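The primary structure of each chain is shown beneath.
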Amino acid sequence: AQKITQTQPGMFVQEKEAVTLDCTYDTSDQSYGLFWYKQPSSGEMIFLIYQGSYDEQNATEGRYSLNFQKARKSANLVISASQLGDSAMYFCAMREGRRSSASKIIFGSGTRLSIRP
Amino acid sequence: GAVVSQHPSWVICKSGTSVKIECRSLDFQATTMFWYRQFPKQSLMLMATSNEGSKATYEQGVEKDKFLINHASLTLSTLTVTSAHPEDSSFYICSARKGLDTEAFFGQGTRLTVV
């Protein structure tokens, strides 16, 4: 069963607009972590933001914020004031279970975001 | 910072040969490293978890004898694709975590093409 679901394979957004990338997850663990990564065409994975399952406040990192709705099991990424350089693949990911050096991180299928000038 | 360096960034090899990919954590010690495989326009699929000084833990469906993983030190893990075939052509990317820190840091990835 798919544990991380990203339902938007691709999105086009006008520059300077805000964009929301959807992510839902499935886990029976009480303790878990949610991540968003950006992958430009060069291939490297760039960490954007992290939300712990026990964090009461939504995570924010500059223009990135994570809309965490625990009851709905969703962790949408919001990018404010989009820029041309935001065009990339975006992956939602989850670490299941308690934080440990060996706990795995699994990825969703990704959303390709394209910013129009 | 937390820098993970992966080498080579790309490699072309002949069918039947073996290819070794290195993953190094440059400024931190990584007791655990992870190896992923990514096909074009697809997500990252976890292949194995590499633990320093012990055998790697492979995900279901990943051939242990084909994808040899060695984690000889706290800063180096290697993935060897043995007897490579064209279907092994893919983007391989490693990641490492600093102890209990939340995020994992990724290498630049290696694009393997088997001809």
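About the thresholds
- Residues numbered from 1 in each chain as written.
- Chains lettered and ligands numbered in written order.
- Predicted model: local features only at pLDDT ≥ 70, side-chain atom pairs only at ≥ 80, totals over all residues.
- Heavy atoms only, no water.
- Contact = heavy atoms within 4.5 Å.
- Buried area = accessible area lost by both parts, 1.4 Å probe.
- Salt bridge = Lys/Arg side-chain N within 4 Å of Asp/Glu carboxyl O.
- Helix = DSSP H or I, 4+ residues; strand = E, 2+ residues; numbered from the N terminus.
- Buried < 20%, exposed > 50% of the residue type's maximum accessible area, 1.4 Å probe, protein only.

(A) Broad picture of the interface of chain B and chain A. Contact with chain B, which involves 24 residues of that partner, is made by 20 residues of chain A. Counting the surface lost from both chain B and chain A, the interface buries some 1800 Å², and carbon and sulfur atoms represent 56% of this. Applying the counting criterion to the chain B and chain A interface returns one salt bridge. In this structure, Glu-59 of chain B engages Lys-104 of chain A in a salt bridge whose closest nitrogen and oxygen atoms are separated by 3.2 Å.

(B) Expanded view of unusual backbone geometry. Note that the residue after His-7 of chain B, namely Pro-8 of chain B, is joined by a cis bond; omega there is 0°. Here Pro-8 of chain B is to be found in the loop between β1 (4–7) and β2 (10–13). Positive phi values are uncommon outside glycine, yet Lys-16 of chain A reaches one of about 80°. Within the element layout of this structure, Lys-16 of chain A appears in the loop between β2 (10–14) and β3 (19–21). Overall, Lys-16 of chain A belongs to the exposed group, its relative accessible area being 68%. Within the chain, Ala-81 of chain A stands out as a residue other than glycine whose phi angle is a positive 45°. When you line up the elements, Ala-81 of chain A lands in the loop between β9 (74–79) and β10 (88–96).

(C) Main features of the pattern of salt bridges. For the coordinates displayed, the defined rule picks out five salt bridges over all chains. Ionic pairing is found between Lys-73 of chain A and Asp-26 of chain A, a salt bridge with its closest N-O pair at 3.8 Å. One end of the pair, Lys-73 of chain A, is in the loop between β8 (64–69) and β9; the other, Asp-26 of chain A, is in the loop between β4 (24–25) and β5 (32–39), with 47 residues separating them in the sequence. You can call Lys-73 of chain A partly exposed: its relative accessible area is 29%. One salt bridge connects Asp-88 of chain B with Lys-66 of chain B, and the closest N-O pair in it is separated by 2.9 Å. One end of the pair, Asp-88 of chain B, is in the loop between β8 (76–81) and β9 (90–97); the other, Lys-66 of chain B, is in the loop between β6 (57–58) and β7 (67–73), and 22 residues separate them in sequence. Like Lys-66 of chain B, Asp-88 of chain B is buried.

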